[in-house]
Each structure stands twice: as C-alpha cells, then as structure tokens.
Amino acid sequence: MRRVAIIGGNGSGKTTFARQLAQQTGLPLVHLDRLYWAEEWTPRAADEFDRLLAAELEKPMWIMDGNIRRTLPKRLPHCDTIFYFDFPAIACFWGAFQRIWKNRGRSRPDMGGRCIERFDRKAWKFLLSTLSFNRKNRPFYREALARCPGAKVIVFKSRRQVRRWMESAQLPAQKEAGGE
C-alpha cells in the first residue's frame, strides 16, 4: 500500500479514515479539499487545481482523500489501493450534518483557504446533495473502479465495516520512497 485513494459519499467519514490510515502507515496525507478550495469557499481555477493535483500524483507515496469526480480518471490509475465508502445516503447526510455542527464557526484543518463552517444556504444545499449523491454518482464510481484491475479495491457499506477493517488490518509502516 503506497498510493491510496479514499472516495465515496460526502459525510461518509473519508477524511477521518484517511487520518487514521496515515497515522498507522506513515504515508503522507493529501486532502483534495485543501487543493481545491481557496479563500471563503471559492474553488481554485481548474488549471491551478489540476497542476497541484498532478504534482501530488507524481509523488511515490500518498493517501488521497476526497471526491472531485472529474479527477477520478486521472487519480485512480496511480493507485494500488482504493477504498470506496458506498454508504446509504442518510448515513452520509447525518455525517455531513455532524461535521458542520462540530466545526461551525471555524475552518477544518483538511480544508484549503479559510472556509468557515456555518449553517447557511450553501451548507443546506450541500447537505441536501448528500441525499442524491449515490443516485447521481454510484454508477460512475463503480465503472471507474472496474477500470482499475491492478488496484486492490475495498468497498465499505457502513461505519461498522470501516471500524472492523481498521481494527483487524495489519498495517506495517511504509519505508521511505524507493525502499520496500
């Protein structure tokens, strides 16, 4: 496990899992939200974001969490391991709601720029989007994963499965780039 993608529904716990996995393996952690968002929830220009992403993808080891659907075809071929959080929509809605509530009034450490969490119109629109995420994205994600025959794909259907996997996984720390 040297290049890991963590994808799936917003609010499913990808970032929390990514932090835990990075801590246990020693792999560098890349948050797509940190690359994507500039100040005050303004997305970076696509070419700037793509340049930042390309620089990360060239590195020999990483854990990359986040969606940004248009970049999946660029990211997944680089991966040897892919975790897909395929949770029910209501679980993602609840997770996203809790994340906004817990972080309200401040910017999360996995975000780029100064993106303050608050319950405003944008937040409610985001929360509602979690309810349609699977319907709009699941077929695309499954097709993208099918095009990665060289990668180990692990699909989680619930937070319980994630916890059980993390408790039972044998995760040795990674050696420096170039070592095995």
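This text goes with the structure placed above it.
As the structure is a computational prediction, the values presented were derived from the model and not from experiment.

(A) The arrangement of the side chain of T71 in detail. Here T71 shows up in the loop between β3 (62-65) and α4 (72-75). T71 has contacts with L32, F49 and L53, leaving out every residue within four places of it along the chain.

(B) A look at the pattern of salt bridges. Scanning the entire structure with this criterion turns up 12 salt bridges. In this structure, D110 engages R19 in a salt bridge whose closest nitrogen and oxygen atoms are separated by 3.4 Å. One end of the pair, D110, is in the loop between α5 (89-103) and α6 (121-146); the other, R19, is in helix α1 (residues 14-25), with 91 residues separating them in the sequence. Exposure remark for R19: the relative accessible area of 37% places this residue in the partly exposed category. In this structure, the salt-bridge partner of D50 is R70, at a minimum N-O distance of 2.7 Å. In this pair, D50 is assigned in helix α3 (residues 46-57) and R70 in the loop between β3 and α4, connecting sequence segments 20 residues apart. Its relative accessible area of 22% is what places D50 among the partly exposed residues.

(C) Focus on the nonpolar core. Core analysis: the biggest nonpolar cluster contains 22 residues, and I7, L32, M64, L76 and I82 have the highest contact counts within it. Looking at this core, the element that brings in the most residues is α6, giving four residues. Listed in part, the 19 residues of the second largest apolar core include I6, A22, I154 and W165.

(D) Summary view of the sheet that holds strand β5 (residues 152-156). Strand order in this open sheet of five strands is β2-β3-β1-β4-β5, and the pairing throughout is parallel. Of all strands in the sheet, those with a lone pairing partner are β2 (29-31) and β5, marking the two edges. Across this sheet, the average inter-strand angle for adjacent strands is 15 degrees, counted without regard to direction. Across the face of the sheet, α3 comes into contact with β1 (3-8), β2 and β3 while running at roughly 145 degrees to β3.

Analysis parameters
- Residues numbered from 1 in each chain as written.
- Predicted model: local features only at pLDDT ≥ 70, side-chain atom pairs only at ≥ 80, totals over all residues.
- Heavy atoms only, no water.
- Helix = DSSP H or I, 4+ residues; strand = E, 2+ residues; numbered from the N terminus.
- Contact = heavy atoms within 4.5 Å.
- Salt bridge = Lys/Arg side-chain N within 4 Å of Asp/Glu carboxyl O.
- Buried < 20%, exposed > 50% of the residue type's maximum accessible area, 1.4 Å probe, protein only.
- Core = buried A, V, L, I, M, F, W, Y, C linked by side-chain atoms within 4.5 Å.
- Pairing = 2+ DSSP bridges.
- Axes fitted to C-alpha atoms, helices over the stretch in contact; angles between N-to-C directions.

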